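What follows is each chain in one-letter form.
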Amino acid sequence: MLAPWLEQLQQQFNHTFQQGRLHHAIMLHGLKGTGKSLLASSLSAGLLCDMPSSLVACGTCKSCLLVKAGNHPDRLDIGEANSSIGVDQIRELGEFIYHSAQQGGNKVVVIRFADTMTSSAANALLKTLEEPNVNRYLILCCDDVSRLPATIASRCFKQLVVAEQSANWLCNQLNTHEIEPWQALFLQQPFLVLDWQEEEIESNIKTLYDCANSDVTAWQLSELNSMLAKRTELVDTFCLFLTQRIKQAALAGAPYERISEQLNSVTLFVKKTKTLAGTNMLLSLAMLQQSLRQLS
Ligand SMILES: [Zn+2]
């Protein structure tokens, strides 16, 4: 069962499909954690299903069983987290598209993290996009469509995926009646919260939230340091919490100069920790803490 906002998009695509107007290259884009790759999987299952009248997979035919087992010969998956997509993978895609379907139906390529394509990979993909083949579909997923060459994006049907009214759904998934304040900041990215739960790092995120919203003790500072040094992707999350706190201070009437100065110090912190190799995280955190102290 798809999340409601994904279900709605699936129905829209199904409608287009039944009218015979489904584009051969679909680009699902939107914030991380909105469920784009789940929708891509669902659409590809629909395209591969032996019941050709609908884009909603039956779940029981031979193709559906192969999809469920993760080894349908006419589906190719490209792209993974924390690595870029190179030209060799796109050449493999070209080969895959070229050969006839083993199950006699459609062939589908799902490209996740499409915005990590190297420029030579993007050039190679352009050729495939310019010469669409019958019964061949590409579904691309990316967080930031602006990081892709315009030549690629303009040849796809672009669909923005937004997690709308996800509060109730997220409560159900988390098996709770009320979400916590830090979780409420991620209603636009509910799958991020679920991923953290699965990875059992919720308590870390909670610590980040607490640290962002109070004066940090020396002990917390060192805990924060080791957590962020280990998982630099959490720097963004920490900064989102900080920005939220600064916004609240602004709403409460804090002077503009101070707010602006503090936002700058958060930006500087992100820049230092993400782009400067060998940055002393503990020192940067202490400086950040110093400049935010006036907030409380
Ligand atoms: Zn089926």
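Scroll up to find the structure this text is about.
Quick summary incoming for the structure in this document. (Residues numbered from 1 in each chain as written. Predicted model: local features only at pLDDT ≥ 70, side-chain atom pairs only at ≥ 80, totals over all residues. Heavy atoms only, no water.)

1. Concerning the overall build of the chain
(1) Moving on: Of regular secondary structure, the chain possesses 14 helices and 5 strands.
(2) Moving on: Overall, the C-alpha framework of the chain stretches about 65 × 45 × 35 Å when taken along its three principal axes.
(3) Moving on: When each of the 296 residues of the chain is scored for burial, the buried share is 47%.
(4) Moving on: In the chain, 71% of the contacts between residues at least 6 apart in sequence involve partners at least 24 apart. (Helix = DSSP H or I, 4+ residues; strand = E, 2+ residues; numbered from the N terminus. Buried < 20%, exposed > 50% of the residue type's maximum accessible area, 1.4 Å probe, protein only. Contact = heavy atoms within 4.5 Å.)

2. Thoughts on the environment of Ile85
(1) Moving on: Position of Ile85 relative to the elements: it lies in the loop between strand 2 (75–78) and helix 4 (87–98).
(2) Moving on: Overall, Ile85 belongs to the buried group, its relative accessible area being 0%.
(3) Moving on: Considering only alpha carbons, one finds Ile85 and Lys274, 189 residues apart in sequence, at a separation of 21 Å.

3. Structural notes on the packing of helix 11 (residues 218–230) against helix 12 (residues 234–251)
Packed helices, taken two at a time, are described by the angle their axes make and the gap between the axes.
(1) Moving on: Put simply, helix 11 and helix 12 touch, their axes get as near as 8 Å, and they point 135° apart. Between helix 11 and helix 12, the angle falls in the class oblique. The residues of helix 12 that touch helix 11, namely those facing Leu224, Met227 and Leu228, are Leu234, Val235 and Phe238.
(2) Moving on: Within the contact of helix 11 with helix 12, the residues separate by chemical class into 6 nonpolar, no polar and no charged. (Axes fitted to C-alpha atoms, helices over the stretch in contact; angles between N-to-C directions. Parallel < 35°, antiparallel > 145°, perpendicular 65-115°, else oblique. Nonpolar A, V, L, I, M, F, W, Y, C, P; charged D, E, K, R; others polar.)

4. Examining the coordination of the zinc ion
As a benchmark, a tetrahedral metal site with four donors has ideal angles of 109.5 degrees, while an octahedral site with six donors has ideal angles of 90 or 180 degrees.
(1) Moving on: Distances from the zinc ion to its protein donors, Cys49 (SG), Cys58 (SG), Cys61 (SG) and Cys64 (SG), fall within 2.3 to 2.4 Å.
(2) Moving on: If you look at the zinc ion, its 4 donor atoms make angles of 105 to 115° with each other, and the shape they trace is tetrahedral.
(3) Moving on: We note that the donor set of the zinc ion lies within a single chain, spaced as C-x8-C-x2-C-x2-C.
(4) Moving on: Residue classification places Cys58 among the partly exposed positions, given a relative accessible area of 31%. (Donors = N, O, S within 2.8 Å, 3.2 Å for Na, K, Ca; no water. Tetrahedral: all angles 85-135°; square planar, octahedral: opposite > 155°, others 65-115°.)

5. What about helix 10 (residues 202–212)?
In an α-helix, one full turn covers 3.6 residues, which means residues spaced three or four apart are oriented alike.
(1) Moving on: Listing the buried residues of helix 10 in full gives Ile205, Thr207, Leu208, Tyr209, Cys211 and Ala212.
(2) Moving on: Packed against the buried residues of helix 10 are helix 8 (181–184), helix 9 (190–198), helix 11 and helix 12.

6. Considering the side chain of Ser63
(1) Moving on: For Ser63, the location among the structural elements is in helix 3 (residues 62–68).
(2) Moving on: Of the polar contacts made by the side chain of Ser63, one reaches the side chain of Asp50; its length is 2.7 Å.
(3) Moving on: Other than its neighbours up to four places away in sequence, Ser63 contacts Leu48, Cys49, Asp50, His72 and Gln103. (Polar contact = N/O pair within 3.5 Å; in protein donor to acceptor, adjacent residues only side chain to side chain.)

7. A few points about unusual backbone geometry
(1) Moving on: Phi at Phe113 is positive, roughly 50°, even though this residue is not glycine.
(2) Moving on: With respect to the helices and strands, the residue Phe113 is situated in the loop between strand 3 (107–111) and helix 5 (119–130).
(3) Moving on: When its relative accessible area of 26% is taken as the criterion, Phe113 is described as partly exposed.
(4) Moving on: If you check the backbone angles, Gln165 has positive phi at about 45° while not being a glycine.
(5) Moving on: Relative to the elements of secondary structure, Gln165 occurs in the loop between strand 5 (157–160) and helix 7 (167–174).

8. What about the nonpolar core?
(1) Moving on: Grouped together as the largest cluster of nonpolar side chains are 64 residues, with contacts concentrated most on Leu28, Leu208, Leu228, Phe238 and Phe269.
(2) Moving on: The dominant element in this core, judged by the number of residues it contributes, is helix 12, at 8 residues.
(3) Moving on: Sequence-distant contacts of Phe238, defined by excluding residues within four places in its chain, comprise Leu208, Cys211, Ala212, Leu224, Leu228, Phe269, Leu285 and Leu288. (Core = buried A, V, L, I, M, F, W, Y, C linked by side-chain atoms within 4.5 Å.)

9. Quick notes on the sheet that holds strand 1 (residues 25–29)
(1) Moving on: Reading across the sheet, the 5 strands line up as 2-3-4-1-5 and stay open at both edges, with parallel pairing between neighbours. This sheet does not close on itself; its edge strands, each paired only once, are strand 2 and strand 5. Averaged over all neighbouring strand pairs, the angle between strand axes comes to 15°, with direction disregarded.
(2) Moving on: Strand direction decides the pairing type here: strand 1 and strand 4 (residues 136–142), joined by 5 bridges, are parallel. The residue bridging Ile26 from the neighbouring strand is Ile139, located in strand 4.
(3) Moving on: Set on the sheet, helix 1 (residues 4–18) makes contact with strand 1 and strand 5; between it and strand 5 the angle comes to about 155°. (Pairing = 2+ DSSP bridges.)

10. A word on the packing of aromatic side chains
(1) Moving on: Applying the stated criterion across every chain, the model contains 10 aromatic pairs.
(2) Moving on: Between the aromatic rings of Phe13 and Phe157, the centroid separation amounts to 6.0 Å while the plane-to-plane angle is 80°, which identifies the pairing as edge-to-face. Remark: Phe157 occurs in strand 5 and Phe13 occurs in helix 1; sequence separation between them is 144 residues.
(3) Moving on: Judged by its relative accessible area of 38%, Phe157 is partly exposed. (Phe/Tyr/Trp six-rings, centres within 6.5 Å; stacked < 30°, edge-to-face > 60°.)

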